[in-house]
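Understanding the architecture of this molecule
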Amino acid sequence: MMECFYRVAEHVFAVSAQADVGDKIFAECMDNYKPFAIEKTDDCLFVLNVECGEAPEYTEETRQDEEGQQIICGLTAKQESAFDFRLFGEAMGVLICSADYKKAVLYVPQNQKLSSLKFAVNNALMVLYAIATAPYNTALFHAAVVSYKDRGYLFLGKSGTGKSTHARLWLKHIAGTDLLNDDNPVVRVFDGARAVVYGSPWSGKTPCYKNQEFALGGFVLLSQAPYNKIARLRGVQAFAALVPCISGKRWERVIADGLHKTENALAMNVPVWYLECLPDEAAAKLCCETVSA
């Protein structure tokens, strides 16, 4: 049995596999996890075991489909949560989780090609991480995040809104800006109010896997417009801007309660802005000058 350990946003997890599949996984599928690798420890939030073979059957509860990537969520006969990952209809792997999400098995097809295996492992770990950390004041965001003057700023919005484009505009036109993550940063709340954003091993199409952290300076909800205008959101509007951007299995009470608590703390303690904008230099400078003031 091969096993490796990782720490992301101070949460520790392990990945294990038999040698036949472990050789492929750890040598060729997990380069993005290397910045987060740590020595062996017993203090793990969850453990994912990867096995070749067929997963138990499950009953579908819900599914989501985005740009050909599909996740089918369900329950097995033993009431274990199941997540079936597919890419353009092709089966990539099925994740079966224990009731407390501390142990999980990812079943992958025998002799699966490396790109498919990497897709399955990444998605399984991302889903498991988002769910297992939810009760611990932690949220995995669908967002691009830049650092500027020792603070992190998250750009939110639906797919295709221009989160990555706006981040690149900051990088190009605002000196001292760095990209922390382009798709899936982690945010944690400490002592009910202090928020920190972390890089993660998951970053969408842009390879940006930085084991770094910054005090969270603010959220910016983006919307395309024929002009540049920014306004502060407060109360319910701020809360509503955050909820669609956070991953999690919200139909389970414990997970939903954990996410709600985190979202509420963020909406109350971190500035949330609404930026209607063009994809230009002026938009980046208006945003930076406003949110970092």
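So, here is what we can say about the structure in this document.

1. Observations concerning the packing of helix H3 (residues 163-173) against helix H6 (residues 281-291)
The geometry of H3 relative to H6 is characterised by a closest axis approach of 9 Å and an angle of 85 degrees between their N-to-C directions. One finds that H3 runs roughly perpendicular with respect to H6. Where H3 approaches H6, its residues His166, Leu169, Trp170 and His173 are matched on the opposing element by Glu281, Ala283, Ala284, Lys285, Cys287, Cys288 and Val291. Its residues placed into classes, the contact of H3 with H6 shows seven nonpolar, two polar and two charged.

2. Observations concerning the pattern of salt bridges
Side chains that differ in sign of charge can pair as their charged atoms come close. For the structure on display, the rule yields five salt bridges. A salt bridge links Arg63 to Glu60; the shortest N-O distance between them is 2.7 Å. For Glu60, a relative accessible area of 38% gives the class partly exposed.

3. Let's talk about the pairing of strand S18 (residues 272-277)
Of all six residues making up S18, five are buried, and the element is well covered by its neighbours. Two elements, strand S16 (residues 213-224) and S18, share six bridges in a ladder whose sense is parallel. The partner of Leu221 across the bridge, within S18, is Tyr274. As paired strands, strand S17 (residues 229-233) and S18 are joined by five bridges and run antiparallel to one another. Bridge assignment links Ile230 to a residue of S18, and that residue is Leu275.

Definitions and cut-offs
- Residues numbered from 1 in each chain as written.
- Predicted model: local features only at pLDDT ≥ 70, side-chain atom pairs only at ≥ 80, totals over all residues.
- Heavy atoms only, no water.
- Axes fitted to C-alpha atoms, helices over the stretch in contact; angles between N-to-C directions.
- Helix = DSSP H or I, 4+ residues; strand = E, 2+ residues; numbered from the N terminus.
- Parallel < 35°, antiparallel > 145°, perpendicular 65-115°, else oblique.
- Contact = heavy atoms within 4.5 Å.
- Nonpolar A, V, L, I, M, F, W, Y, C, P; charged D, E, K, R; others polar.
- Salt bridge = Lys/Arg side-chain N within 4 Å of Asp/Glu carboxyl O.
- Buried < 20%, exposed > 50% of the residue type's maximum accessible area, 1.4 Å probe, protein only.
- Pairing = 2+ DSSP bridges.

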